[in-house]
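Residues per chain are reported as follows:
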Amino acid sequence: MAEVPEAPTRLTAICNFMGLRGTIICIGLLLAAALALPGRTVTTRYVNDLFIFLDGLYRIWSGQVPNLDFHSSLGPLVFYLPAAGFGLTGSMGAAMPVGMAIMVLMLAVVSAEIIGSRMGWMTGLPLSLFLLLIAAAPANPGERIGELSFAMFYNRMGWAALGLLLVMYLPRPVRSAKTDLLDGICASFLVLLMLYTKVTYGLVQLAFLVFMLFDRHQFRWVLQALLTIVTVPLLIELIWQGGGMYLSDIRSAAEVSGGLPTLQGLADVVSKNLHDIVVYGIFACILVVARRRFRDVFYIVFCAATGLLIIDQNFQFVGILTLGASAAVIADLLLRSRLPSKYRALATGLPLLLVMQLLPVTFSNAATLGIHAGTAISGNGERISLGNFSGIRLVKMWDEDQYRYFHLYNETLADAAAALWRIEAAPKPAVVLDFVNPLSAGMPLPAPEGDSVWYHWGRTLHGDSYPPAEELFAHAEFILDPKSPIEIWTALGMRNVYAGYIAQHYTLAAETEHWRIHRRRR
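Predicted, not measured: the structure shown is a model, and the values here were computed from it.

Procedures and definitions
- Residues numbered from 1 in each chain as written.
- Predicted model: local features only at pLDDT ≥ 70, side-chain atom pairs only at ≥ 80, totals over all residues.
- Heavy atoms only, no water.
- Pairing = 2+ DSSP bridges.
- Helix = DSSP H or I, 4+ residues; strand = E, 2+ residues; numbered from the N terminus.
- Disulfide = S-S within 2.5 Å.
- Patch = residues over 30% accessible without salt bridge, like charges linked within 9 Å, V, L, I, M, F, W, Y side chains within 5 Å.
- Areas by Shrake-Rupley, 256 points an atom, 1.4 Å probe, with all protein chains shown as cover.
- Salt bridge = Lys/Arg side-chain N within 4 Å of Asp/Glu carboxyl O.
- Buried < 20%, exposed > 50% of the residue type's maximum accessible area, 1.4 Å probe, protein only.
- Expected span 1.5 Å × (residues − 1).
- Arc of directions from axis to C-beta.
- 1 Å grid on protein atoms, 1.4 Å probe; cavity = no way out; pocket = protein on both sides within 12 Å on 5 of 7 lines; lining within 4 Å.
- Points joined across faces, edges and corners; volume = space filled by probe spheres on them.
- Nonpolar A, V, L, I, M, F, W, Y, C, P; charged D, E, K, R; others polar.
- Phe/Tyr/Trp six-rings, centres within 6.5 Å; stacked < 30°, edge-to-face > 60°.
- Lys NZ or Arg CZ within 6 Å of the ring centre and 35° of its normal.

### So, the sheet that holds strand E3 (residues 392-394)
Ordered in space as E1-E3-E2, the three strands form an open sheet in which the pairing is mixed. A strand with exactly one partner marks an edge of an open sheet, and here the two such strands are strand E1 (41-43) and strand E2 (382-383). Strand direction decides the pairing type here: E1 and E3, joined by three bridges, are parallel. Bridged to threonine 43 within E3 is leucine 394.

Laid out in structure tokens, this is it:
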């Protein structure tokens, strides 16, 4: 009787048949399916952040154009991605998961080309899982397993895209005109993706490409990528015509919160990420001692410094995710290098150390994605009270106080919608003096124009820098002043700076338990 092969042997045979590229694509398909197929959004926190993207996609499907008809310091892809998800499904509840599934598939294709052409199985496979799960897991990096949210998904995209670009420090074993073309396409895609999503990541990526220009072995694809990055925005501008306003919106936000990081802030980041920094230091020291190349030192410093700067300006405390990608690159460099015998044993052990560094984040993100998929399929949780958001579930996970906070927010939205329907059978555009306006997309209402998709006191506006009232309320029939705001400092600040204009041009139309609703004077 023939012996049945053991599972690990069978799995190894399948992986060898598909190759590293094929395996990475399969991983991307599985992660995308886990996001998209349940067809619902589940969230435990940052519900208000989720509404930013839903408001943006609703405006796009209403015919508005980002940075022309509404303001945002985030790039247009932040809204076009969920808009694509909504276009494919017709559901606000499926828009974010499906939009992110599309992004994960694109990153998987790029990952297969970059990692599959440069790295071996021992370094490439764990790194691919690490980066793709960063992009796929609906959770803010560094937070607990099961803290579900699509908030700030652009940061997860940014970490994954930057990590993939850093892999390109490794030269291909075999180069040709075709491979240079593919590398140029991959690099320019990753940079343009972030320039039109969150510009800080794109600027770091551009700096890395400038550094790579001085690598004579990879000069051709780097130059091609830079030329593409210059050319494509000019073509996009012919259609979009919002590039100037995009830069203006970024500049306005930078005036409020664009200061340089403080030494105390950076020290706090280092202390909270000390374990990862120490492990990365082991990789870095072995590379510098074994190869003795100045370029390697610059690469190490670049990866560590930019990771510190990015996490400092993110709403994130743990997870300098450039370190994991850089550690994988270092391990692969040492494994392929002809090292003196005294360093070979150290290099041989690095893949195991790499897995130990990448495993906590990989496991956490995989568990979070699984929890989201399972909860979405079950249909458990509290429905968001606005009609268009019925496919979104608020779920209590670990934190009872957090759940009550967003449960109350959900009640205030139901209160606002009911009050507007009582005032007018077909309510007109409304602006909310709070962090975000979920009413336009959720009720739905006609979307206002000239305002922003979100406000955050101390980050996008403050007492000395805020949008003119004539612009903000130009198309608003109603202004809703919350008694129970989701972001109290934003609500108080907006109430103070716009009080005079509201008193002059609006009258109190209704007052409920949670809202004061002002209507434009006739």
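### Some thoughts on the state of the cysteines
Under the definition given, this model contains zero disulfides. Counting only cysteine sulfurs, cysteine 303 is the nearest neighbor of cysteine 285, a cysteine outside any disulfide, at a range of 15 Å.

### Points about a nonpolar patch on the surface
There is a patch of nonpolar side chains on the surface, built from Val288, Phe294, Val297, Phe298 and Val301 and spanning about 440 Å² of accessible area. Tracing the backbone shows phenylalanine 294 in helix H13 (residues 294-313). Overall, the relative accessible area of 66% leaves phenylalanine 294 in the exposed class.

### So, helix H9 (residues 219-240)
In this model H9 runs 32 Å from its N-terminal to its C-terminal C-alpha over 22 residues, within 8% of the 32 Å that 1.5 Å per residue would give. Residues of H9 that are buried: Trp221, Val222, Ala225, Leu226, Ile229 and Trp240. The arc enclosing the buried residues of H9, seen along the axis, measures out at 145 degrees, which places them on a common side. Turned more than 90 degrees off the buried face of H9, the exposed positions are Leu227, Val230, Leu234 and Leu238. A positive phi of about 60 degrees marks glutamine 241, the residue just after H9.

### Comments concerning empty space enclosed by the protein
In total, this model carries three cavities of 30 Å³ or more according to the counting rule given. Looking at the largest cavity, its volume works out to about 70 Å³. If you trace the largest cavity, you find it lined by Asp55, Arg59, Val431, Val432, Asp434, Val436, Asn437, Asp451, Ser452, Val453, Trp454 and Tyr455. Where the lining of the largest cavity is concerned, the elements lending two or more residues are helix H2 (47-61) and strand E4 (430-432). Here the lining of the largest cavity is composed, by residue class, of six nonpolar, two polar and four charged.

### Notes on the packing of aromatic side chains
Scanning the entire structure with this criterion turns up 23 aromatic pairs. Ring centres 6.3 Å apart and planes at 80 degrees place the aromatic pair phenylalanine 53 and tyrosine 154 in the edge-to-face group. In this pair, phenylalanine 53 sits in helix H2 while tyrosine 154 sits in helix H6 (residues 153-167), placing the two residues 101 residues apart along the sequence. The same class applies to phenylalanine 53 and to tyrosine 154, which are both buried. Ring centres of tyrosine 196 and tryptophan 240 lie 6.0 Å apart, and the angle between their planes is 65 degrees; this geometry places the pair in the edge-to-face category. Placement of the pair is tyrosine 196 in the loop between helix H7 (177-195) and helix H8 (199-212) and tryptophan 240 in helix H9, with a sequence separation of 44 residues. Each member of the pair, tyrosine 196 as well as tryptophan 240, is classed as buried. Linked through ring pairs, Tyr169, Phe208, Phe211, Phe298, Tyr299 and Phe302 together constitute an aromatic cluster. Seen from the ring of tyrosine 403, lysine 396 lies directly overhead, with NZ or CZ sitting 5.9 Å from the centre.

### Notes on unusual backbone geometry
One can expect most non-glycine residues to show negative phi and most peptide bonds to be in trans. That bond from methionine 443 to proline 444 is cis: its omega, 0 degrees, falls within 30 degrees of zero. For proline 444, the location among the structural elements is in the loop between helix H17 (439-442) and helix H18 (469-472). For tyrosine 46, which is not a glycine, the phi torsion comes out positive at approximately 55 degrees.

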